[in-house]
Amino acid sequence: MSLTVVIAVAALLFGIGLYGVLSQTNAVMIVMGVELMLGAAMLNVVGFLRYAWPEAVSGSFFVLVVMTLMALEAAVGFALITSVFRNRRTAEVDDLTELQG
Amino acid sequence: MNGRKLEGPAIDFAGLSPLLALLGGAVVVLMVGLLRGRAAREHGVPALSFATLAASLGLTIWQLDSSEELVAGALAIDGLGTVLNILFVSAGMATVLLSWRALAPRESAHGEFHALLLTSIAGMVVLAWSTNLVTVFLGLELLSIPLYVLCATEMRRATSLESGLKYLIVGSLGSAVFLYGLALIYGATGSTDFAGIAEANSAVGLSSDPLMLTGIALSVVGLGFKASVAPFHQWTPDVYEGAPTPVTAFMAVATKAAAFGIFLRLFDVALIDSATAWAPALAALATVTIIAGNVGALGQSSLKRMLAYSSVAQAGYMLAGVVVTSGLGVRATVFYLAVYLVMNLAAFAVIIARERETSLGDDLAAVEGIGATRPVLAWPMTIAMLSLAGIPATGGFIGKFFLIDATVDGGYAWLGFVIVIGSMISLAYYLRVIAAIWMRDAPAVAQSTPVPAGPRPALAGGSPEGDAGPGSVALGAESPPAQAGAVVYGGEPGGGKAHWEVALVAVLCAALTVAAGVVPQPLFDLVQRCGDAFTNLV
Amino acid sequence: METTAWLVLAFPLAGAILIGLLAQHVPAKLTGYLGTLAIGGAFVSAVLTFLSLQGREEEARQVVFVGWDYARSVGVDAQISILVDPLSVLMILVVSGVSTLIHLYSVAYMESDQGYARFFAYLNFFVFSMLLLVLAGNFMLLIVGWAFVGAASYLLISFWYRRTTATKAGIKAFVINVVGDVGLVLGTYFIFKHTGTLDFLGTFDSVERDFEGSTGDLTAGCLLLLVGAFAKSAQIPLHTWLPDAMEGPTPVSALIHAATMVTAGVYLIARMHPLFEQAPAAADTGAIIGAVTLLVAGTIAIVVTDLKRVIAYSTMSQIGYMIMGVSAGAYVAGLFHLMTHAFFKALLFMAAGSVIAAMGGRQDLDSMGGFRKAMPYTFACFCIGGLALAAVPPFSGFFSKDEILLDLGAEGGWHWVLYVAGYVGSLLTAVYTFRLIFRAFFNDPVPEAQELMDGHLHHPAEAANPATGETEDTDVGFPGADHHIAEQSPFMRVAMGILALGAIVGGFIQIPKVTHGLESFLDPTFARSEIEVEPSDGLIYFGLVLGAVLGLLGIAIAYRIWVQKPGTSAAIQARLSVLHKLFSNKWYFDELIELVVVRPLSWFGRFGQQTFERIFVNGALVGGTTGLVRAGSAAVRAVQSGYLRSYAALLLGGLAVVGFYFLLQA
């Protein structure tokens, strides 16, 4: 394992997450794609912390803070999706096109 | 880590007090919102919220001249932070007034609405003070997540929910990209605080390091998204139109100020040595933004949507102040932010007032002929439009003049020219509003028809309680606008009555807009304070 | 002193706003009193300012008061500041004093006009603008005042906006004034480029240093300032708007187009004298143009038959004297003439207004005559004004005109040419002035005068525009159905009486070898001037005698031609038909401008419209641009499809482009 491998895996994760955002039509799946992307970024930070800058402890705080925020974002996201589903009986984002132009 | 003992950072509680006041106020407001008394919820909560903001403003002004670290390496108070805080808190106070008798807090819950608002402002304060990638991201999320929810607070209206969900998804996508960029910058420099990044950047000569450059590119995109810079602006019109109007007003002014605050800090402090790499890219983005925003605003009939595109264009103008990397540019950007705040609040306040007085929603028709019938609203709207267009003797003119001066001074004269061209295009849609106000007669339907024509009402039965009425599923997919018998959106608290606090915000903000154009010196002096954060700029 | 100086500006501004707001809600009559009171307040403040200025040390009589900084940190030191010094105090005294009297006159004169409140709102706004112009302490406020004055003048010339002649005249005045504004702005730019300050005193202090080795720019700047001055002061070739401006109500002609606004150019040159002294080419240009204007306008005034236009040409001619004087360094003399001229010319217009009212709105000199007995008070006032204008001792105009020519003569050199031109003009002045008096007041009474003497008033059957004969719209296009002549209105009599007094004694403050009131008062302003003249005693006495003789000779000539032998003028006309034609066609200036400027422009315009515009501008430029903007708008809105995932895709696309660009730098 080296830094390069970690960065490559992180980039792969980011790509998968991005693909998920673009390909999925269900809001829940899209939010999960975004979570993957955030996870990829965190993996980067951890990799750099472990291999490149073991002295720079602020990186570990960074990961902890982001982890919390990720959870928050997911919670709010699912709450909103639920709310939309109740209102519209759908969670397909392609149905949400009333606002346009 | 490595057996070293970690010492807790020194925390300056006096300096942090504006932030603490906001967070404490948020908790109190949330609790008071649980009380059973209607008056306590409907008036006590906003009053407390307002008092919290006033306290925070007072504490900020108390700290006006301080410039020091608040939390070691994470937050620091300085001129830029203080000035931006004043802007955020003022915008918050205006928003509380605008939403006092609005539909959104009643549909959700007063306590929650105001607690979210205060939390979002707290996020902005964190962002304005942050000197560290961690706090930047923390602040950004703290301001964004409550906003996602606030956008969706008119829970019976499909467009409100749609705007909330759209904002959430595109917003978190932007956050993810931004975070990835920050991670790469951390990887390239080994530091998360701005001073360390700047040091590593200049010492090691990272300005052509691919890791660093990719990091900067991703941060540009992430922040560009938050500041609605084209081509990352697409959420803006949809979300602005769909969100409850007081929330739109808040988003338009406060989020923009926060995004540009961090634009200035990140690019003009931490990444200043890579300016040769990012400045041309930002200049190109500014050009695209100015054109896309102004061109998109043409022919919009929804005032909120028009102002959304206009805010995209204004973001382009302000980006020019970042591009030039000079003290003048910083001051011009902050000056424009302040002016932008008051002129937009004036316009949104008028839209809110007309939404409540008529059943036309935010359509252009709602302001037709108000020059004769409602001069107290017509004048603020006229002043706001003239100022947005940059007509002399308004704050918008001085702001644009300042920005153009900065671009010429900073060697980006062509960008100043783009600003002028953009302003010329913008006249077409701003003057259209003024013409509607003064030259048309009020439409006959405005005050009389019971059926709303403008805003699309939520579908019958689509209430949060889930009592799905018959037919609501069948209609769900297509959602035809203006179903007879649907929940009437226009006819709402106040039932066609004018609300004095909304008019007060409109008049006050319009007066400030004019004041900034006639007596700009006090604002110049205030903005002058922002320079101390940028020691490495000329 | 600071407070009183600001009050000078505050009173008329407050008056204009108050009248504008109250016009709908209070009786019209009240707005007239309100307007007069506001200007009266300004005059009192001006007097107080004068007194406290005189109480200061002589070195401390140039004071700048900064209201607030407008914009100091953008590389421009734009301030809301006023400069109080003897020059500006003299100007505010004259402007507010004469304005007060003209307001008083208007209260009666405009009484039956439908736009009474509107008239006073405009008039107060004009006075505010004019006071702002003369009090401005920097170029920015000067330009603002300059433009406001032009706008107010436009509003008042086309006050009767249903009259096509009035609106046309208003537009003409506005266009020429805008030409002047552009000149002033460009001139300011040329000067600001070198000095880096907008402040007057700062500019004057550093002018020598800043323009070292680049006097070309200074000369260009001063010439452009002269363009501004010529346009406002109706000097050749930018004078054609002034006679047409007589379409406005008579009090407007008296206030704006005789006493105050048209002297702004004189004030400008006097104010900028430190610049002009460093740019002698520009100063000489001003002096020559002034001399030419005074002669040309004098010749035209002899043949024009419209009562007010004769006075208008006389105004041009007298301002020619002033411009000639201040350009050639005779500052005190020029301003002295400005002051006395304000008195006697306003008086003449007021008296003329009285005559026109008696004629039922007609201004044609050919149909007037014999009003001497019908309107003795008006006649007396007209005579006093006329004697002052014709420079007959001891009336005020005699001393002020004498002073200008005396200074020019003492300077020697080629200024002798100006000296001679001035005396020729002096003779012309006396002739045309008394031509007016003899034709309007002497000989047999015309029917209108006869009716007046019998106690009736002449009413035309149907109100008609005397210039075109078209029927008037009595709501806005007519001075009012009633006659307002001085004999019957105490307000008008008081206003005219005070001015008449001024026209008689105004000259006594500055008599050669006797009094030096004005000179010592203005000294602090012109202390830095390098031009010093000491006329010899011989020249002084020669000038006084020559001036008096020419004035009396002119009157004698006029008496001979128009009273003793009424046919003479026709005979002369026949004999000198070429000259008469030249003069009565106003030296063909309108035609010349038509030929040189308007025709080529309209030809070019037609060509432009028919070929260039249709094909290139409409087709490619406008069509292309609007098409482009429309297409862009459509594109932006099409991309805004509402589909969330397409937004994400665009975000990704943008990300790819930005990322690619950044990686290129690696």
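One structure accompanies this document, and this report is about it. Everything numeric here is computed off the predicted structure, so don't read it as measured data.

The next subject is the interface of chain A and chain B. Taken together, the 42 residues of chain A in the interface contact 44 residues of chain B. The set of elements that each furnish at least two residues to the side of chain A that touches chain B consists of helix H1 (3-23), helix H2 (27-52) and helix H3 (58-88) of chain A. Looking at which element gives the most residues to the side of chain A that touches chain B, the answer is H3(A), with 18 residues.

For the rest of this paragraph, the subject is the pairing of strand E1 (residues 68-71) of chain B. Alignment of E1(B) against strand E2 (residues 75-77) of chain B, held across 3 bridges, turns out to be antiparallel. For B:Glu68, the partnering residue across the bridge sits in E2(B) and is B:Ile77.

Looking now at the nonpolar core. Across soluble globular proteins, nonpolar side chains show a tendency to be buried alongside one another. Residues B:Phe88, B:Ala320, B:Leu345, B:Ala346 and B:Ala349 are the most contacted members of the largest nonpolar core, which totals 252 residues. If one sorts the elements of this core by residue count, helix H14 (residues 327-357) of chain B sits on top with 22 residues. Contact partners of B:Ala320, with chain neighbours within four places excluded, come to B:Ala286, B:Leu403, B:Thr407, B:Tyr412, B:Leu415 and B:Ile419. With 208 residues, the next largest nonpolar core counts C:Val98, C:Ala297, C:Ala374 and C:Leu387 among its residues.

Our next topic: the interface of chain B and chain C. With 37 residues of chain B at the contact, the number on the chain C side is 29 residues. Every element with two or more residues in the side of chain B that touches chain C is listed here: helix H7 (158-189), helix H9 (210-226), helix H10 (235-242), helix H12 (275-297), helix H17 (395-409) and helix H21 (521-528) of chain B. In terms of residue count, H9(B) provides more of the side of chain B that touches chain C than any other element does, 8 residues in total. A breakdown of the residues in the side of chain B that touches chain C according to their chemical character gives 28 nonpolar, 6 polar and 3 charged.

For the rest of this paragraph, the subject is helix H11 (residues 245-270) of chain B. All names here are of chain B. For H11, spanning 26 residues, the distance from its first C-alpha to its last is 36 Å, which sits close to the expected 38 Å at 1.5 Å a residue. Considering bend angle alone, the principal kink of H11 is centred on methionine 251 and spans about 25°. Most of H11 is tucked away: 26 of the 26 residues are buried.

This part is about unusual backbone geometry. Cis geometry marks the peptide bond from C:Ile236 to C:Pro237; its omega dihedral reads 0°. Checked against the element boundaries, C:Pro237 lands in the loop between helix H8 (215-233) and helix H9 (241-244). Omega for the peptide link from C:Pro393 to C:Pro394 comes to 5°, which places this bond in the cis form. With respect to the helices, strands and loops of the structure, C:Pro394 is situated in the loop between helix H17 (376-389) and helix H18 (396-411). Unlike most non-glycine residues, B:Thr325 shows phi in positive territory, near 45°.

What counts, and at which threshold
Residues numbered from 1 in each chain as written. Chains lettered and ligands numbered in written order. Predicted model: local features only at pLDDT ≥ 70, side-chain atom pairs only at ≥ 80, totals over all residues. Contact = placed C-beta atoms within 7 Å. Helix = DSSP H or I, 4+ residues; strand = E, 2+ residues; numbered from the N terminus. Pairing = 2+ DSSP bridges. Core = buried A, V, L, I, M, F, W, Y, C linked by C-beta atoms within 7 Å. Buried ≥ 20, exposed ≤ 12 C-beta atoms within 10 Å, placed from the backbone. Nonpolar A, V, L, I, M, F, W, Y, C, P; charged D, E, K, R; others polar. Expected span 1.5 Å × (residues − 1). Bend = angle between axes of the 7 residues up to and from the residue.

These values are about where atoms sit, not about what they do.
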